[in-house]
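# Inside the fold
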Amino acid sequence: MTDLKVAIVGCGNISRSHASAYAAAPVELVGVADIVPEKAVELAEKYSSTPFDSLTSLLAATSPDLVSVTTPPGSHAALAIEILAAGKSVLLEKPPVLSLAELDAVAEAEQASAGSVYVVFQHRHGSGGLRAASLLSTGALGRPQVAVCETLWFRPVSYFDPEWRGTWVGEGGGPTLGHGIHQIDLLLHLLGPWKSLTATAVRLDRPVEFEDVSMASVIFESGAVATVINSLLSPRELSRIRIDTTGGSLEVNHLYGYSDTDWSFTPAPDAARAAANGLDPGARRTEDVAVGTDPWADSAGGDVPSNHAAQLGRLVADLLAGRTHETTLASTRPTMEFVTALYASALTGAAVHRAELTPSHPFYSALHGNVPQPEIDQSLKF
Ligand SMILES: NC(=O)c1ccc[n+]([C@@H]2O[C@H](COP(=O)([O-])OP(=O)(O)OC[C@H]3O[C@@H](n4cnc5c(N)ncnc54)[C@H](O)[C@@H]3O)[C@@H](O)[C@H]2O)c1
């Protein structure tokens, strides 16, 4: 007997991570849907569920409390709005939507619904990310000053074979939106509100309508600064965030998911140690972190890797306990604002302030800003 009924719409690659995370949680998978019926049948058989050929038929026949949306990004907003209209909650795969306009439309549907919207950003939910967020928010690791955020991945030309990939309509954007968004979301989650950015995007090699590499320089409201790079052309793949604070350097190096061992914290040298190493003893502001303590090491506990099981397990536990799950649609708005600003800055050559991103901004309704494709092609070439 379980208390929570869940369903999945979109039975492709990532649906298996949802189905297997739900299989390990106290929920009942009441249905799975795909517009390609055989895909729904295959997933339903593997996880003892019922197949449907559309979300509409699934909602007509079952009454799930929560529906995972694991379809291509271009379909997320419409499916989320249909689920909310039925009074059910939604778990949207990343990227949650393709524009701030879509995000606000889904948020409006959420306001009118008994359901809520959550987003998959699994790297907020591993134990390392939870420790980092908690220790940075209390100041225990010092004050963040400089950060580096790298998503250096490799996607061959064949990756873009499916019709929906490589297009603004289907995929919505390049590595900024589809890949780097994981690291960008974690960086923003850890460092707090960003203020402005300037960016560059180029298309060097892949057969896509958008960029295959992008870079941004970001200023945060706290005064901290960061560089962000997103690439699909990097054969030795790496995902990395490094945050240098007044107390030390916090770093996570991983690829598609981290464990505790992928994190490190290197405390800044205290005055005595710095002097012994021939360094400027004033290099460390000892008032920021108590000398001789290592708050990172002290916070170690059970290792939870940052995968779908981590987030979906927490989401189910939160819903069953009546708690708010923190990765709400609203909490991911700064991430979509960042992605929007990166495209706006790269395609216009101007710095973008987060406060500008209102409905009247030219990039609010589409990440390409409705710039004609030949002009986009020209800007991405340099
Ligand atoms: N969180 C992560 O680490 C992660 C990893 C990979 C993919 N994703 C995201 O998951 C989503 C799906 O990616 P994927 O790689 O599984 O894609 P996929 O192409 O393998 O699967 C998508 C499935 O959705 C079905 N579909 C399309 N439109 C539909 C509709 N309107 N109703 C029902 N079914 C529909 C397709 O037939 C297909 O089976 C994307 O948003 C992607 O960015 C997230």
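Just so we're clear, the structure is a prediction, and the values are computed from it rather than from any experiment. (Residues numbered from 1 in each chain as written. Predicted model: local features only at pLDDT ≥ 70, side-chain atom pairs only at ≥ 80, totals over all residues. Heavy atoms only, no water.)

Domain boundaries in the protein define domain 1 (4-123 + 308-329) and domain 2 (127-298). Summarising the inter-unit geometry, the C-alpha centres of domain 1 and domain 2 are found 28 Å apart. Across the boundary between the two partners, domain 1 contributes 12 residues, which contact 20 residues of domain 2. Each partner contributes to the roughly 1,200 Å² buried at the junction of domain 1 and domain 2, and carbon and sulfur atoms together form 64% of this total. Summed over the shared surface of domain 1 and domain 2, the result is zero salt bridges. For the side of domain 1 that touches domain 2, the class distribution of residues is six nonpolar, three polar and three charged. (Domains from an automatic or database assignment. Contact = heavy atoms within 4.5 Å. Buried area = accessible area lost by both parts, 1.4 Å probe. Salt bridge = Lys/Arg side-chain N within 4 Å of Asp/Glu carboxyl O. Nonpolar A, V, L, I, M, F, W, Y, C, P; charged D, E, K, R; others polar.)

In the numbering adopted here, UniProt assigns the feature "domain: Gfo/Idh/MocA-like oxidoreductase N-terminal" (unreviewed entry) to residues 4-117. Secondary structure across residues 4-117 divides into 42% helix and 21% strand, with the first and last C-alpha atoms of the span separated by 16 Å. (UniProt positions renumbered as here; feature names shortened; annotations may be inferred. Helix = DSSP H or I, 4+ residues; strand = E, 2+ residues; numbered from the N terminus.)

This part is about the pattern of salt bridges. Applying the stated rule across the entire model yields 14 salt bridges. A salt bridge links Arg333 to Asp104; the nearest nitrogen and oxygen atoms lie 2.8 Å apart. With Arg333 in helix H12 (residues 333-348) and Asp104 in helix H5 (residues 100-111), this residue pair connects regions lying 229 residues apart in the sequence. Look at Asp104 and you get partly exposed, because its relative accessible area is 23%. (Buried < 20%, exposed > 50% of the residue type's maximum accessible area, 1.4 Å probe, protein only.)

Turning to the packing of helix H1 (residues 15-23) against helix H11 (residues 308-321), a few remarks are in order. Interhelical geometry of H1 versus H11 gives an angle of 50 degrees and a closest axis separation of 9 Å. Taken as axis vectors, H1 and H11 run oblique relative to one another. Between H1 and H11 lies a crossing whose hand is right-handed. Counted together, Ser17, His18, Ala21 and Tyr22 of H1 and His308, Ala309, Leu312 and Val316 of H11 form the full contact between these two elements. Here the contact of H1 with H11 is built from residues that sort into five nonpolar, three polar and no charged. (Axes fitted to C-alpha atoms, helices over the stretch in contact; angles between N-to-C directions. Parallel < 35°, antiparallel > 145°, perpendicular 65-115°, else oblique. Left-handed = near helix turned anticlockwise from the far one by under 90°.)

For an α-helix, the turn length of 3.6 residues means that residues three or four places apart are oriented alike. Its 12 residues give helix H6 (residues 127-138) an end-to-end C-alpha distance of 17 Å, which sits within 8% of 16 Å, the value for a rise of 1.5 Å per residue. Those residues of H6 lying buried are Ser127, Gly128, Gly129, Arg131, Ala132, Leu135 and Leu136. For H6, the elements touching its buried residues are strand E7 (144-154), helix H8 (181-191), strand E11 (233-245), strand E12 (248-254), strand E13 (263-267) and helix H10 (295-298). The positive-phi residue at the C-terminal boundary of H6 is Gly139, with phi of around 85 degrees. (Expected span 1.5 Å × (residues − 1).)

Around the ligand lies a shell of 24 residues, among which Ile14, Asp34, Glu93, Lys94 and Gln122 are the nearest. The separation between an oxygen atom of the ligand and a polar side-chain atom of Asp34 is 2.6 Å. A distance of 3.0 Å is found between an oxygen atom of the ligand and a side-chain nitrogen or oxygen belonging to Lys39. Here the ligand loses 82% of its free accessible area of 850 Å² to cover by the protein chains. Looking at which domains feed residues into the shell around the ligand, each of domain 1 (4-123 + 308-329) and domain 2 (127-298) supplies at least three. (Near = heavy atom within 4 Å. Polar contact = N/O pair within 3.5 Å; in protein donor to acceptor, adjacent residues only side chain to side chain. Areas by Shrake-Rupley, 256 points an atom, 1.4 Å probe, with all protein chains shown as cover.)

Looking now at the packing of H5 against H12. Packed helices, taken two at a time, are described by the angle their axes make and the gap between the axes. Running from amino to carboxyl end, H5 crosses H12 at an angle of 160 degrees, the nearest separation of the two axes being 10 Å. If you check the angle between H5 and H12, you find them roughly antiparallel. Viewed along their axes, H5 and H12 form a crossing whose handedness is left-handed. Contacts between H5 and H12 involve Leu100, Leu103 and Asp104 from the first element and Arg333, Met336, Glu337 and Thr340 from the second. Of the residues assigned to the contact of H5 with H12, the class counts are three nonpolar, one polar and three charged.

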